Amino acid sequence: MRNLFRRFIDNQSGVTAIEYGLIASLIAVVIITAVKLVGTDLTATFNAIAANLTAAA
């Protein structure tokens, strides 16, 4: 039983998968934040263009 517990503690095969998962989630959060910021700016730009086109017509 002691040997089994020691092997369980020393086993690190799942650590890499967890690290990759954390890195992927961090990258996803950065991408989502960037897209939201760019999307907000684009919406404001398109609304300004639409308002100018409506006023010119």
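A quick note: this is a predicted structure, and the numbers were derived from the prediction, not measured.

Calculation rules
- Residues numbered from 1 in each chain as written.
- Predicted model: local features only at pLDDT ≥ 70, side-chain atom pairs only at ≥ 80, totals over all residues.
- Heavy atoms only, no water.
- Helix = DSSP H or I, 4+ residues; strand = E, 2+ residues; numbered from the N terminus.
- Buried < 20%, exposed > 50% of the residue type's maximum accessible area, 1.4 Å probe, protein only.
- Patch = residues over 30% accessible without salt bridge, like charges linked within 9 Å, V, L, I, M, F, W, Y side chains within 5 Å.
- Areas by Shrake-Rupley, 256 points an atom, 1.4 Å probe, with all protein chains shown as cover.
- Salt bridge = Lys/Arg side-chain N within 4 Å of Asp/Glu carboxyl O.

Undergrad: Can you break down the environment of Arg6 residue by residue, with the values?
TA: Along the chain, Arg6 turns up in helix H1 (residues 2-10). Residue Arg6 is classed as exposed on the basis of its relative accessible area of 59%. For the pair formed by Arg6 and Thr40, sequence separation is 34 residues and the distance between their alpha carbons is 53 Å.

Undergrad: Explain the environment of Leu53 residue by residue, including any values.
TA: In this fold, Leu53 is placed in helix H2 (residues 13-56). As for Leu53 and Thr43, which are separated by 10 residues in sequence, their C-alpha atoms are 15 Å apart.

Undergrad: Outline a nonpolar patch on the surface, listing residues and values.
TA: Together, Tyr20, Ile23, Ile27, Ile31 and Val35 make up an exposed nonpolar region whose accessible area comes to about 530 Å². For Ile23, a relative accessible area of 47% gives the class partly exposed.

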